[in-house]
Amino acid sequence: MSKYAVLVIDGKEYKLPIINGVEGEKAIDITSLRKKTGYIAFDPSFANTGSCKSSITYMNGEKGILRYRGIPIEQLAKHSSFVETAYLLIKGKLPNNEELIRINVLLNDLSMLHEDMKTFYQNFPSKAHPMGILSAMVNALRSFYPEIVDIEESLDRTFLRLISKVRTMAAMAYKISRGHATIYPSPDYSYCGNFLYMMFENPVIPYKVDPDIEKALNVFWILHADHEQNCSTAAVRVVGSGKANIYATISAGISALWGPLHGGANQEVITMLKKIKNQNLKISDVIKKAKDKNNNFRLMGFGHRVYKTYDPRAKIIKQMCDLILSKNKINDPLLDIALELEETALSDSYFQAKNLYPNIDFYSGLVLRAIGIPTNMFTVMFAIGRLPGWVAQWRENSLDPDIRISRPRQIYMGNSTSDYIPIKERP
Ligand code: COA
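Cut-offs used in this document
- Within every chain, residues take consecutive numbers counted from 1 along the sequence as written.
- The predicted origin of the model limits local features to residues at a pLDDT of at least 70 and limits the giving and counting of side-chain atom pairs to 80 or more, whereas totals for whole chains, interfaces and linings rest on all residues.
- Hydrogens are left out, water is left out, and the side-chain values use all remaining heavy atoms of the structure.
- We count a stretch as a helix when DSSP gives it H or I for four or more residues in a row; a strand needs E for two or more, and each element gets its number in order from the N terminus.
- Taken over C-alpha atoms, the radius of gyration is set against a globule rule of 2.2 Å times the number of residues to the power 0.38.
- Each residue's exposure class comes from its accessible area (1.4 Å probe, protein chains only) as a fraction of the maximum for that residue type: buried when under 20%, exposed when over 50%, partly exposed otherwise.
- Should any heavy atoms of two residues lie within 4.5 Å, those residues are counted as being in contact.
- By convention in this text, a residue qualifies as near a molecule or strand provided that one of its non-hydrogen atoms is within 4 Å of it.
- Within 3.5 Å is the distance limit for a polar contact, defined as a pair of N or O atoms, with the added protein rule that one can donate a hydrogen and the other accept it, and that residues adjacent in sequence qualify only through two side-chain atoms.
- Calculation of accessible area relied on Shrake-Rupley with a 1.4 Å probe; when residues are assessed, cover is drawn exclusively from the protein chains displayed.
- Amino acid classes used here: Ala, Val, Leu, Ile, Met, Phe, Trp, Tyr, Cys and Pro are nonpolar; Asp, Glu, Lys and Arg are charged; the rest, including Gly, are polar.
- Angular values range over 0 to 180 degrees, each being the angle between N-to-C directions of two axes fitted as lines to C-alpha atoms, with helices fitted over their stretch in contact.
- Angles are sorted into four bins: roughly parallel if under 35 degrees, roughly antiparallel if over 145, roughly perpendicular if 65 to 115, and oblique for all others.
- By the definition used in this description, the sense in which the near helix is turned from the far one sets the handedness, with an anticlockwise turn below a right angle giving left-handed and a clockwise turn giving right-handed.
- Here a cavity denotes a set of grid points, spaced 1 Å apart and computed over the protein atoms alone, in which a 1.4 Å probe fits but from which it cannot get out, and a pocket denotes an open set meeting protein on both sides within 12 Å along at least five of seven lines; residues with an atom within 4 Å of a point are reported as lining.
- Grid points are joined across faces, edges and corners, and a volume is the space filled by probe spheres set on the points.
- Charge assignment in this entry is limited to Lys and Arg as positive and Asp and Glu as negative, and neither His nor the chain termini are counted.
- The term salt bridge refers to a pairing of a side-chain nitrogen on Lys or Arg with a carboxyl oxygen on Asp or Glu at a separation within 4 Å.

Draft legend 1. The arrangement of the overall build of the protein chain in detail. Of regular secondary structure, the protein chain possesses 18 helices and six strands. Relative to the 2.2 N^0.38 estimate, which gives 22 Å for 427 residues, the radius of gyration of the protein chain is 24 Å and therefore close to what a compact globule would have. The buried share of the protein chain, reckoned over its 427 residues, is 47%. Considering only residue pairs separated by 6 or more positions, the protein chain has 72% of its internal contacts joining residues 24 or more positions apart.

If you want it as C-alpha cells, here you go:
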C-alpha cells in the first residue's frame, strides 16, 4: 500500500503522496497543495524543500557522507582524477580507457581562448575581483560559441570546452593581473598540470610540475566537484529552467558562488587567520566574538547547512594540507592558528550544541596557499572545481519532464491597497 501524509485544514482532510529516496530520505509531495487546498508551503531559504529528484550526489549531513553517483568521496579523492570525476558526474559512469584518452585529447584541443577574448581582460580595472571577471568571461563565451541545441548530442563538446577554457581563463586572469605575459596551454600536461603550468611558468624561471602538487590540485577539485542543491547549484537550476543558454546559466552559478557564506568562505578563512596573526589576537577572544549574538562576526570555515558533523571533505583536505606542507617543508604559521582555532571551537559548548564543525573551506585555503595560488583566486579555484557539478545538475534538470520554469510563490505582507500620491503632495 502506498503511503501518504494527511493534512487537515478546517476539519477537511487532504492526502498528499509520500516520496522515498533510495537512501531512506522521505518527502511529502506538495505539488498539488495549492490546487487542492488553496494553501502554499512556506519555507524561506528552502531548508525543508526538495526542489528535484536527483541521481548525481548523495550527502548525509548527520553521518558525514558524500558520494558522487554512489562512489564515496574518500575513494574518488584517493584513486580518481578531476577529469575522470567530472565525467562520472555528468555522464553517470566512470569513463573507460578509450573514453578517457578521447576526453584528454579534446580538453587539449579546446583549451585555447579566442584572441578577441583576451582584449576583454585588458579593460577590467586592475583591482577587479577575479570572480567578477570569470563570471563575465564565461557569459561572453556564448558570443563566440554555439548554444547547445540537442543536449545529448552536443553536451560533451560544450562541457569539455567550458571546463577546458575556464581553466585557461583563470590562469590568464592571474597572469594579466600581475602584468605578466600570458602562457598558452601545452599538450604535454594533464588537466591539472596544465593549469599549474599556465599559472606559474615564466620566461625567466621555467616551472616544473610537481606530481604531489598536481595530486593535491586533483583532490581539491574532486572535493569541490558537486554538493547537490547548494546555493550556486540551485541558481544554475533556476536560471537553466528559464532556458537561458548554458554559458549564461553557468555564469549565474559563478556569481552565486562568489558570496562569502558560500564559495567565498575559503578566501575569508585566510583573511581571518591573517588578521589573527597580524593583530596578535587571542584565540579565546576570536571564539568569544563568534559566539556574541550582538556581533555579526562568524568563525569562517565553520558550520554548514547540511553537515551537522565533521564535513567529510574537510577531513580529506586537512590530511592533504599536512602532506603538502610537510613534503615541501613549508612552515605556514596560519596552519598553527587554524589548528588551535579548530581545537578550541570543537571543545566549546556553543559550537558543540549547534553542531558547528570545520567545513571544507577551513583547510582548503592553506592547501591553495601551499600551491602558490593568491588569496583572491581561491573562489575561482572553487568555481573551476564546481563546474562539472553545475553542468551535471543543469543537464539533469533540462532532461527532467517534471521540471518546469522555477517560480516560487510568496506570502505578501505589504499594504493592501494604497493610492498613488502626486509628488507635490507627498510628505
Ligand atoms: N560561527 C559562529 N556561529 C555560527 C556559525 C559560525 N561559523 N555558523 C553558524 N552559527 C550559528 C548561527 O549564529 C546560528 O545561531 P542561532 O541558532 O543562535 O541563531 C546557528 O549557528 C545556526 O546557523 P545558521 O546561520 O542558521 O545556519 P545556516 O545553515 O543558515 O548557515 C552557513 C550555514 C554555512 C552559512 C553558516 O554556518 C556560516 O555562516 N558559516 C561560516 C561561513 C562558511 O564557512 N561558509 C562555507 C560553507 S561550506
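Draft legend 2. Representation of the site of the ligand within the structure. By nearness alone, 18 residues border the ligand, and Arg-298, Leu-299, Gly-301, Arg-305 and Lys-354 come closest of all. Within the backbone of Leu-299, a nitrogen or oxygen atom sits 2.7 Å from a nitrogen atom of the ligand. The side chain of Asn-359 places a nitrogen or oxygen atom 2.9 Å from an oxygen atom of the ligand. The fraction of the free accessible surface of the ligand (860 Å²) that becomes covered by protein chains is 75%. Here the shell around the ligand is built from residues that sort into eight nonpolar, five polar and five charged.

Draft legend 3. Structural context of the packing of helix α3 (residues 82-91) against helix α18 (residues 378-399). At a minimum axis distance of 8 Å, the contact between α3 and α18 shows a crossing angle of 15°. Our classification of the angle between α3 and α18 gives roughly parallel. Note that α3 runs across α18; the crossing there is right-handed. Residues Phe-82, Ala-86, Leu-89 and Ile-90 of α3 form the contact with α18, whose own contacting residues are Ile-384, Gly-385, Pro-388, Gly-389, Val-391, Ala-392 and Arg-395.

Draft legend 4. Geometry of empty space enclosed by the protein. This model, assessed by the stated rule, comprises three cavities of 30 Å³ or more. Listing elements by their share of the lining of the largest cavity, those giving two or more residues are α3, α4 (97-109) and α7 (151-177). Partitioned by chemical class, the residues of the lining of the largest cavity number five nonpolar, no polar and three charged. A volume near 40 Å³ is recorded for the second largest cavity. Around the second largest cavity, the lining residues are Tyr-121, Pro-130, Ile-133, Leu-134, Met-169, Ala-170, Ala-173 and Val-380. Sorting the residues of the lining of the second largest cavity by element identifies α6 (130-144) and α7 as the ones contributing at least two each. In terms of residue class, the lining of the second largest cavity is made up of eight nonpolar, no polar and no charged.

Draft legend 5. Structural view of the side chain of Glu-201. When you line up the elements, Glu-201 lands in the loop between α8 (191-200) and α9 (211-224). There is no salt bridge for the buried Glu-201, and the closest opposite charge comes from Lys-175, which lies 7.8 Å off by N-O distance. Among residues more than four places away in sequence, those in contact with Glu-201 are Lys-175, Ile-183, Leu-196, Pro-206 and Tyr-207.

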